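Descriptive structure summary
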Amino acid sequence: MSPPVAPPGWSRWLVPPAALSVHLSIGQAYAWSVFKPPLESALGLSGTQSALPFQLGIVMLGLSAAFGGTLVERNGPRWAMTVALICFSSGFLLSALGAATEQYWLIVLGYGFVGGIGLGIGYISPVSTLIKWFPDRPGMATGIAIMGFGGGALIASPWSAQMLDSFGSDSSGIALAFLVHGLSYAVFMLLGVLLVRVPRSEKPVESAPSAFEGPQVSARNAVRTPQFWCLWVVLCMNVTAGIGILEKAAPMITDFFKETSTPVSVSAAAGFVALLSAANMAGRIGWSSTSDLIGRKNIYRVYLGVGAVMYGLIALFGDSSKPLFILCALVILSFYGGGFATIPAYLKDLFGAYQVGAIHGRLLTAWSTAGVLGPLIVNWIADRQEDAGKSGSDLYGLSFVIMIGLLVVGFVANELVRPVNARHHIPAPREAADAAVRQQPESA
């Protein structure tokens, strides 16, 4: 499938909605927890077992983005969105069959493995195209799309809950809910497939610079540079710090204020989680757009430096002031979302628009690592502290000190980022296609 070229007069503002239709769909992954209790009850699963489809899905997201990035660049956004549509929707249909027949392995295979491939390919599918359409505002453009992934759960959670209420939470009701998800997301993602276009030239807007101005680096060469690995550390540390709060948000705020005069109720803890999701989504568009004004390196100084200060404030004063705890957590989660949305533009600044999607895919292995590291740090230490007889905010003090240390490591890595050495550059944009052909056997 050849990339569809925009006809004369095509508005570049049609491309962000195309990207959003995909990202809002695959963002359903963050709402998997809605299905956990019904699956545990209907199929007799443990909490660990019911989490497996989501965990495998995130692992496959990182792997498919890393290994499929070059194919996405080569075949274009329509091909990538089509693959994402087929895999993500098929994953739900397989899961529906698994629920209907009470074969849990089919749900793991469908949602986790097949759907996870759709997550990864879908996540990176619009990145390179958006940067080429918006060379003047790459942070804003990628922020709009990646905001959708953060916001997908805000739609999917109540929608899924309503379906389970209507269809029932037994195996047949879960199967019907999975079936409706698969068919609905296929239709919604199809809008992106039909809308997406690549620009006709290197300058889609006359007043804007070419997306291919400056040095251009292939994905194969990029992973050989210290800049790539510095950014890998930056993203991993920023995500670890954010997901450490996000994954345990409800029990964390409950524990912090359990022994105070103003304990947090279950419903209030759920409201706190919703606020964090909103901050995550708002940070993706707000901070990434700000990076177009103040620069990528400066915005990561904010994410990592101010983030460390926020963690310090929670550790020192969080249990004595509920507004301070909530404010600091919201800021940290806005940085978490902003870090995801800004990284493609940072990559474009360093490596150019050529193969930026493939480079982004390889960098997302940092997300897979952080997705394990963040929850592991917070949960393991909290369990050990509880075994030692501690409670309340004492369960998390050591975790927060570690998070501050990790953010400092990320801050230092960001400071070490320098322009890429000329020996890694593609000679000129017009020669990029020839270089890609020569590298195909090694990069595929």
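Residue indices begin from 1 for each chain and proceed along its sequence in written order. Confidence filtering applies because this is a predicted model: local features only for residues at pLDDT of at least 70, side-chain atom pairs given and counted only at 80 or more, and all residues used for totals across whole chains, interfaces and linings. Excluding hydrogens and water, the side-chain figures rest on all heavy atoms present in the structure.

Looking at the pattern of salt bridges
The condition that has to hold: One speaks of a salt bridge when a side-chain nitrogen belonging to Lys or Arg is within 4 Å of a carboxyl oxygen belonging to Asp or Glu. By definition, any uninterrupted DSSP run of H or I lasting at least four residues is a helix, any uninterrupted run of E lasting at least two residues is a strand, and each is numbered from the N terminus. Each residue is placed in one exposure class: buried if its accessible area under a 1.4 Å probe, protein chains only, is under 20% of its type's maximum, exposed if it is over 50%, and partly exposed if it falls in between.
Following the criterion strictly, the structure yields eight salt bridges and no others. Residues Asp 136 and Arg 12 are paired through a salt bridge, measuring 3.1 Å at the closest nitrogen-oxygen approach. Highlighted residues: Asp 136 in the loop between α6 (127-133) and α7 (138-167) and Arg 12 in the segment before α1 (15-26), separated in sequence by 124 residues. Given the relative accessible area of 9%, Arg 12 is considered buried.

Quick notes on the side chain of Thr 70
By the secondary structure assignment, Thr 70 is in helix α3 (residues 47-75). Judged by relative accessible area, Thr 70 falls into the buried class, the value being 4%.

Brief notes about the confidence of the model for the chain
Note the cut-off: Summary of the metric used: pLDDT quantifies the predictor's per-residue confidence within the range 0 to 100. Any two residues whose heavy atoms approach within 4.5 Å at even a single point are treated as in contact.
With 94% of its residues at a pLDDT of 70 or more, the chain has an overall mean of 87. Taking the mean pLDDT of every element in the chain, the minimum, 44, falls on helix α18 (residues 432-443) and the maximum, 96, on helix α4 (residues 77-101). Overall, residues 430-444 carries pLDDT values under 50, and its contacts beyond four positions in sequence, including any with other chains, amount to 17 contacts.

Quick word on the nonpolar core
Side chains of nonpolar character tend, in soluble globular proteins, to be buried together. Heads up, the rule is: In this text, buried Ala, Val, Leu, Ile, Met, Phe, Trp, Tyr and Cys residues form a nonpolar core when linked through side-chain atoms within 4.5 Å.
Grouped together as the largest cluster of nonpolar side chains are 117 residues, with contacts concentrated most on Tyr 123, Phe 178, Ile 245 and Phe 351. Counting eleven residues, the second-largest nonpolar core is a separate cluster that includes Ala 6, Ala 19, Trp 133 and Phe 134.

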